[in-house]
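One-letter residues, chain by chain:
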Amino acid sequence: MADREKSRGDAGEEKLGLHNLTPAPGSHRTRRRLGRGPGSGLGKTSGKGHKGSMARAGHGGPGGGKPHFEGGQMPMSRRLPKRGFTNPFRKEPQVVSLEQLARVGDEITPESLAEAGLVSLHKGPIKVLANGEVGQAFTVRGVKVSAGAREKIVAAGGRVEE
């Protein structure tokens, strides 16, 4: 016993460790044990009462539970007219500006753009847009180029090969 008191130090307090951690007083409540008999006060209907939307599984009553549920009123998603078409096979191009091409080098290919971290090779088509100015001559291969970007690249002495 005396050896243990010596190892604790001068203050006589035990060091803080994982073995003696406890939550702050009042910060942790015990969970409600539902459906454990009538003596618990939460037996039979488990605190949900009799019938109604709050007693049902999967529905939290007004404002909670089923999305778009408006208390029996026709939901807005069904009241509004549906128009148009969304193409599920649409390919959204990855956009690269002319200013970003200066970071790549003289020859612009999908591989060199991916190495520079500007695009991903597996995300879809790549397109160069005419945002910014061209400071040097580029050779662009295998990448779509907008008409404005093409004019600026050719004006700077570069080439576009598709």
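For the structure, check the block above.
All of these numbers come straight from a predicted model, not from anything done at the bench.

**Side note on the sheet that holds strand β3 (residues 126-129)**
Okay, step 1: Read from one edge to the other, the open sheet built from three strands follows the order β1-β3-β5, with strand pairing classed as parallel. Strand pairing shows two members of the sheet lacking a second neighbour, β1 (94-97) and β5 (144-145), which therefore form its edges.
Okay, step 2: Relative to β5, β3 is paired through two bridges, and the arrangement is parallel. Looking across to β5, one finds that Val 128 is bridged to Val 145.

**Some details on the pattern of salt bridges**
Okay, step 1: For the structure on display, the rule yields six salt bridges.
Okay, step 2: A salt bridge links Glu 161 to Arg 141, with the shortest nitrogen-to-oxygen separation between them at 2.8 Å. Here Glu 161 is found in strand β6 (residues 159-161), whereas its partner Arg 141 is found in strand β4 (residues 139-141), with 20 residues between them in sequence.
Okay, step 3: Its relative accessible area of 29% is what places Glu 161 among the partly exposed residues.

Procedures and definitions
Residues numbered from 1 in each chain as written. Predicted model: local features only at pLDDT ≥ 70, side-chain atom pairs only at ≥ 80, totals over all residues. Heavy atoms only, no water. Pairing = 2+ DSSP bridges. Helix = DSSP H or I, 4+ residues; strand = E, 2+ residues; numbered from the N terminus. Salt bridge = Lys/Arg side-chain N within 4 Å of Asp/Glu carboxyl O. Buried < 20%, exposed > 50% of the residue type's maximum accessible area, 1.4 Å probe, protein only.

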